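# Geometric and topological summary
What follows is the residue order along each chain.
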Amino acid sequence: MSLMLGRDVFGNEANKGNVLSKEEAHNLLNDWVKNSRLQLHMKQVAALMHAWAKEKENLNDADVWRWELAGLLHDADWDQWPEAHCKKIIEELERRNIDPEIIHAIASHGHLHFGVVPQTKMDKMLYAFDELSGLIHAYSLMRPNGYEGMDIKGVKKRLKEKSFAANVSREDINDACERAGIALDDLIAFIIPVQSKIE
Ligand SMILES: [Fe+2]
Ligand SMILES: [Fe+2]
């Protein structure tokens, strides 16, 4: 099964700045994603994108929401249409005239699978957070106190154990850190406190 998108231009430049409202975004999430674990993953990645845009990129509220929206919807079609993962949500956002940068970020969240190379900072951070966020959450579930007291060393140990959260691609994580120009330790240190607040 190939998820390759076969193109790398998405949306329309004329729609720059167009977003879904918070309500529209959450309606789409609830309509499309019935799996609560997947919903949580999407909310966690959204929170990470929000925090990074605000704290590290110093973006304004409108831009912070564009980053958050890309995180919130990146896996919207995975639950019901895994064979059309990425393609379906891209087409939906194109139909709704959403900002092309948001659509491109979603299209490049796994370039080894979808064939779209991350280009902008938004693209690169979504790609960088996606798999690592999942692994850190899986780690929190096996710890008696969840996120409390979790440190970088513990996360790196789990990363080295290939059998732990085996579906999380270590290849993607290393590739993503390189592309974003961020050290793995720094990314882990950023994710833990942000993610611990999202339930
Ligand atoms: Fe995905
Ligand atoms: Fe994801």
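In what follows, the accompanying structure is described. All figures in this text were calculated on a predicted structure; none of them were measured in a lab. (Residues numbered from 1 in each chain as written. Chains lettered and ligands numbered in written order. Predicted model: local features only at pLDDT ≥ 70, side-chain atom pairs only at ≥ 80, totals over all residues.)

Of all hydrophobic cores here, the largest spans 53 residues; its most connected members are M49, A70, I106, A128, F129 and L132. If you list the elements that add at least two residues to this core, you get α2 (36-55), α3 (61-73), α4 (87-95), α5 (100-107), α7 (121-142), α8 (152-160), α9 (170-180) and α10 (184-195). Among the elements that make up this core, the one with the highest residue count is α7 (ten residues). Not counting the four nearest positions on each side in its chain, L132 is found in contact with I173, L187, I188 and I191. (Core = buried A, V, L, I, M, F, W, Y, C linked by C-beta atoms within 7 Å. Buried ≥ 20, exposed ≤ 12 C-beta atoms within 10 Å, placed from the backbone. Helix = DSSP H or I, 4+ residues; strand = E, 2+ residues; numbered from the N terminus. Contact = placed C-beta atoms within 7 Å.)

As a further point, take the packing of helix α1 (residues 22-32) against α3. The N-to-C vectors of α1 and α3 enclose an angle of 10°; their axes lie 10 Å apart at closest approach. Overall, the two elements α1 and α3 adopt an arrangement that is roughly parallel. From α1, A25, L28 and L29 reach across to α3, where they touch L69, L72 and L73. Per-class residue counts for the contact of α1 with α3 are six nonpolar, no polar and no charged. (Axes fitted to C-alpha atoms, helices over the stretch in contact; angles between N-to-C directions. Parallel < 35°, antiparallel > 145°, perpendicular 65-115°, else oblique. Nonpolar A, V, L, I, M, F, W, Y, C, P; charged D, E, K, R; others polar.)

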